[in-house]
Amino acid sequence: MARFNNLHNWTLTPAEAVALQQQLRSEIRIEPLTRPVETIAGCDISFNKFEETVYAGIVVLQLDTLEVVEEVGVISTATFPYVPGLLSFREGPALLDAWAKLKIEPDVVMFDGQGIAHPRRIGIASHMGLFIDRPAFGCAKSVLVGKYDEPAPERGNWSPMVHYREVIGAALRTKDKVNPVYVSPGHLIDMETAIDLTLRCNGGYRIPEPTRRAHNLVNALRRGERAAD
DNA sequence: GCGACAG
DNA sequence: ATCTTGTCGC
């Protein structure tokens, strides 16, 4: 029921995908939120090694309580290969299928990957943000591009990620003495807000709740289970 | 030219 | 991403 803009078709070659990213990047808007956040969604993909079947899922949480408000899962087929810098072309289609099944339209969406912390400033969170026309940001487990100084070891500390003299995101400590996660705005949100939301989704783990729950959901779906927790 | 490289 | 046991550190 949740709708999105069909900005382009997904049948492309890697070279065409890069050209398309150059086209789309001018539409991305990094700015403060315009509405308060009540619900936040987490997305993830899972699949079996050497197989093309993809299990995609989205979990919507109430921001203040982190309780699950809705979750949807879809089984699809990946047509695009995994190429660093082109992740959205592999996972995007399935995630949009899942998005279309949502009854609730989340106020903001967290993606498992980069926002503008990308070689062409259009990682999966930015690309998906343009499609769903909603505030979106990325919270990745590793770096794609950019350098940063190690943030202080206590949860809440962060240091800017820089690429070609530009601040593209933040290495954020979500848990004491544990490797940071890499947060970057995707679309219709700014870095400070993305950092704040990530910290507010604390469940005691390195990975924030939206993404962690979505990860559990898609893995349960892939293994043919019923419950995700 | 060589290495790095979200999930 | 996925395949997997034990193991080092707090």
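Here the structure is a predicted model, which means the values were calculated and not measured.

Calculation criteria
- Residues numbered from 1 in each chain as written.
- Chains lettered and ligands numbered in written order.
- Predicted model: local features only at pLDDT ≥ 70, side-chain atom pairs only at ≥ 80, totals over all residues.
- Heavy atoms only, no water.
- Pairing = 2+ DSSP bridges.
- Helix = DSSP H or I, 4+ residues; strand = E, 2+ residues; numbered from the N terminus.
- Axes fitted to C-alpha atoms, helices over the stretch in contact; angles between N-to-C directions.
- UniProt positions renumbered as here; feature names shortened; annotations may be inferred.
- Buried < 20%, exposed > 50% of the residue type's maximum accessible area, 1.4 Å probe, protein only.
- Contact = heavy atoms within 4.5 Å.
- Salt bridge = Lys/Arg side-chain N within 4 Å of Asp/Glu carboxyl O.

Caption draft 1: Spotlight on the sheet that holds strand S7 (residues 166-172). The eight strands are arranged S3-S2-S1-S4-S5-S8-S7-S6 in an open sheet whose pairing can be described as mixed. With partners counted over all chains shown, the strands left at the sheet margins are strand S3 (68-77) and strand S6 (158-163), one partner each. Each strand of the sheet is rotated relative to its neighbour by a mean of 25°, with strand direction disregarded. As paired strands, strand S1 (residues 39-46) and strand S4 (residues 108-111) are joined by three bridges and run parallel to one another. Residue pairing for S4: Gly42 is matched across the bridge by Met110.

Caption draft 2: Fine view of the UniProt feature "binding site: Mg(2+)" (unreviewed entry) in chain A. Mapped onto this numbering, the UniProt entry annotates "binding site: Mg(2+)" (unreviewed entry) at Asp44 and Asp112. Despite a sequence span of 69 residues, these residues sit close together in the fold, their greatest C-alpha distance being 6.3 Å. Within the fold, Asp44 resides in strand S1. Judged by relative accessible area, Asp44 falls into the buried class, the value being 6%. Ignoring anything within four residues of it in the chain, the contact list for Asp112 reads Cys43, Asp44, Leu87, Cys139, Lys141 and Thr211.

Caption draft 3: Geometry of the pattern of salt bridges. Counted under the stated rule, the structure contains eight salt bridges. The shortest N-O distance in the salt bridge between Arg134 and Glu105 comes to 3.0 Å. Taken together, the positions of Arg134 in the loop between helix H3 (124-132) and strand S5 (136-140) and Glu105 in the loop between helix H2 (87-101) and S4 put the pair 29 residues apart, joining distant regions of the chain. Overall, the relative accessible area of 14% leaves Arg134 in the buried class. The exposure class of Glu105 is partly exposed, given its relative accessible area of 30%. Across the pair Glu150 and Arg173 runs a salt bridge whose closest N-O atoms are separated by 3.4 Å. Linking Glu150 in the loop between S5 and S6 with Arg173 in the loop between S7 and strand S8 (181-187), this pair joins segments that are 23 residues apart in sequence. Looking at Glu150, the relative accessible area reads 52%, which means it is exposed. In the salt-bridge network here, residues are joined through shared partners; they are Glu209, Arg212 and Arg213.

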